[in-house]
Amino acid sequence: MSTSTIKNSFASDNVSSACPEIIEALITANSGIASSYANDKHSLHLNSLFSAIFETEVAVYPVLSGTAANALALSAIAPSFGKIYCHQMSHINTDECGAPEFFTGGAKLIPIASDDGKITPKLLENMIRGIGNVHSAQPAALSLTQSCEVGTIYQLDELTALIAKAKQYHLKVHMDGARFSNALAAIGASPADMTWRAGVDVLSFGGTKNGCIAAEAVIFFNPDQVGPFPFLHKRSGQLISKMRFVSAQLEAYVKDDLWLKNARHANQMANKLSKGLAALTGIELAYPTQSNEIFAHMSRETIQRMAAAGYTVTEGELDETAPPRFVTSWNTTEAEVEALLSAVRSALL
């Protein structure tokens, strides 16, 4: 690995390469011909494969990006006149260029602020108003992110309490799981306990940030709620003709718990980096490190010195005032972590 690669490898888990198992799966899927538009053997296998993982019958729709997964999932559970409650720092609110509003036909995002990236039942309840008022958009859905945008994680009791409050107001629940694997690996829960058993209706299941090339999925935990979603899937351009190459990635991703192995490693490297940063005078962690994202306060001079040394420091990821962020990946090495810590120490001097 070149020095320049090491210096930029903590910018995001999106910058990492695909893992070998995914590449091998694509090579295998590339042999011969296959039916198109998700009628290939890989795509047809996804429902049974993920039903076994989640211990219930699910309906799986592969897509190419997390933005598409989130926007399409929300379009299935929120009407055009609905309100979608989400965290102020959520990806759907800050990073998706209005896609959720577009695909829902105009549903209104209601951002909720908190210091740790998580929504509490009380915070949600305080924002719910206008029920039955024809002049107001109507409460329709809750979208929560697991793990959260700041790297924190809803523990199971927090998750069930929040969703119970949402259900009290008849809200459908969407989970943005771009880093679902990191959260699951961190708390050691079962996929079922962290989703449908807690009351989640639809999940954006992420793979791209954790070793895939371009593979996400919209997963419905109640197939009866799918409704016209196949038409939305097609209309959005996400039902691609050679879907076997997306579905083969998802198959390989969950085979032999590859997704969890990759996530555990990323989390472990984040923990090592977090401890190293916290031990340095002049560095203050902004949030607890619970998954694979670390936010750390550091001076403008330190950031400039690191930039001069060739290190990419991602600033303003959540908003213009957000502290620098470092993200570890499935293939982050201890040597890379040590090199980054060494660069920070030099910048502090």
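As shown above, the structure is provided for reference.
The rules behind the values
Residues numbered from 1 in each chain as written. Predicted model: local features only at pLDDT ≥ 70, side-chain atom pairs only at ≥ 80, totals over all residues. Heavy atoms only, no water. Pairing = 2+ DSSP bridges. Helix = DSSP H or I, 4+ residues; strand = E, 2+ residues; numbered from the N terminus. Contact = heavy atoms within 4.5 Å. Axes fitted to C-alpha atoms, helices over the stretch in contact; angles between N-to-C directions. Buried < 20%, exposed > 50% of the residue type's maximum accessible area, 1.4 Å probe, protein only. Expected span 1.5 Å × (residues − 1). Arc of directions from axis to C-beta. Phe/Tyr/Trp six-rings, centres within 6.5 Å; stacked < 30°, edge-to-face > 60°. Parallel < 35°, antiparallel > 145°, perpendicular 65-115°, else oblique. Left-handed = near helix turned anticlockwise from the far one by under 90°. Nonpolar A, V, L, I, M, F, W, Y, C, P; charged D, E, K, R; others polar.

Enquirer: Let's hear about the sheet that holds strand 10 (residues 325-327): which residues, and what values?
Expert: Spatial ordering of the open sheet is given by 8-9-10, a layout of 3 strands whose pairing is antiparallel. Edge positions in the open sheet fall to strand 8 (284-285) and strand 10, since each of these has one partner strand only. Packed onto the sheet, helix 12 (residues 258-278) meets strand 8, strand 9 (293-297) and strand 10 and runs at close to 10° relative to strand 9.

Enquirer: So, the pairing of strand 1 (residues 59-63): which residues are in play, and what are the values?
Expert: Within strand 1, 5 of the 5 residues are buried, which leaves it mostly tucked inside the rest of the structure. Neither face of strand 1 is open: one carries Ala59, Tyr61 and Val63, the other Val60 and Pro62, and all of them are buried. With 5 bridges joining them, strand 1 and strand 7 (residues 216-220) adopt antiparallel strand pairing. By the bridge assignment for strand 7, valine 60 is matched with isoleucine 219.

Enquirer: Explain helix 11 (residues 244-254) residue by residue, including any values.
Expert: For helix 11, the tally of buried residues reaches 10 of 11 residues, placing the bulk of the element in the interior. The positive-phi residue at the C-terminal boundary of helix 11 is aspartate 256, with phi of around 55°.

Enquirer: Mind laying out the environment of glutamate 101, listing which residues take part and the relevant values?
Expert: Locating glutamate 101 in the fold gives a position in helix 6 (residues 99-104). It is 27 Å that separates the C-alpha atoms of glutamate 101 and isoleucine 213, two residues lying 112 residues apart in sequence. When near neighbours in sequence (up to four residues on either side) are disregarded, glutamate 101 contacts Gly106, Ala107 and Leu109.

Enquirer: Describe the sheet that holds strand 5 (residues 172-177), and please don't skip the residues or the numbers.
Expert: Strand-to-strand pairing in sheets goes through backbone hydrogen bonds, with the strands running parallel or antiparallel. Here we have 7 strands laid out as an open sheet, ordered 1-7-6-5-4-2-3, and mixed in their pairing. The open sheet terminates on both sides in strands that have one partner only, identified here as strand 1 and strand 3 (108-112). With direction set aside, neighbouring strand axes in the sheet form an average angle of 20°. The pairing of strand 2 (residues 82-87) with strand 4 (residues 138-145) spans 4 bridges and is classified as parallel.

Enquirer: Any chance you could break down unusual backbone geometry for me, citing the residues and the numbers?
Expert: For the bond running from glutamine 146 to serine 147, omega is 0°, close enough to zero to count as cis. By the element assignment, serine 147 lies in the loop between strand 4 and helix 8 (156-168). Phi angles above zero are rare outside glycine, and glutamate 55 is one such case at about 60°. The topology assignment puts glutamate 55 in the loop between helix 3 (41-54) and strand 1. The backbone of aspartate 256 sits at a positive phi, close to 55°, despite the residue not being glycine. Its location among the elements puts aspartate 256 in the loop between helix 11 and helix 12. Relative accessible area serves as the criterion here: at 70%, aspartate 256 is assigned to the exposed category.

Enquirer: Describe helix 8, with residues and values.
Expert: The terminal C-alpha atoms of helix 8 lie 18 Å apart, and with 13 residues this matches the ideal 18 Å at 1.5 Å per residue to within 8%. For helix 8, every residue scored as buried is listed here: Leu159, Leu162, Ile163, Lys165 and Ala166. Projected down its long axis, helix 8 shows its buried positions confined to an angular sector of 155°, all on one face. For helix 8, the elements touching its buried residues are helix 7 (121-127), strand 4 and strand 5. Once helix 8 ends, the next one or two residues include histidine 170, with phi positive near 60°.

Enquirer: Mind laying out the packing of aromatic side chains, listing which residues take part and the relevant values?
Expert: By the definition in use, this model includes 13 aromatic pairs. Their ring planes at 5° and their centres at 6.3 Å tell us that phenylalanine 180 and tryptophan 259 sit as a pair that is stacked. Note that phenylalanine 180 is positioned in helix 9 (residues 180-187) and tryptophan 259 in helix 12, a separation of 79 residues in sequence. The exposure class of tryptophan 259 is buried, given its relative accessible area of 2%. Measuring from centroid to centroid gives 5.0 Å for phenylalanine 220 and phenylalanine 229, while their planes differ by 70°, and the two rings are edge-to-face. According to the relative accessible area criterion, phenylalanine 229 is buried, its value standing at 0%.

Enquirer: How would you explain the packing of helix 12 against helix 14 (residues 334-348) if you had to name every residue and give the values?
Expert: Helix 14 packs onto helix 12 with a crossing angle of 20° between their chain directions and a minimal axis gap of 10 Å. For the element pair helix 12 / helix 14, the angle class is roughly parallel. Considering only the axes of helix 12 and helix 14, their crossing is right-handed. Contacts between helix 12 and helix 14 involve Met269, Lys272, Leu273, Gly276 and Leu277 on the former and, on the latter, Glu334, Val337, Glu338, Leu340, Leu341 and Val344. Of the residues belonging to the contact of helix 12 with helix 14, the class tally is 7 nonpolar, 1 polar and 3 charged.

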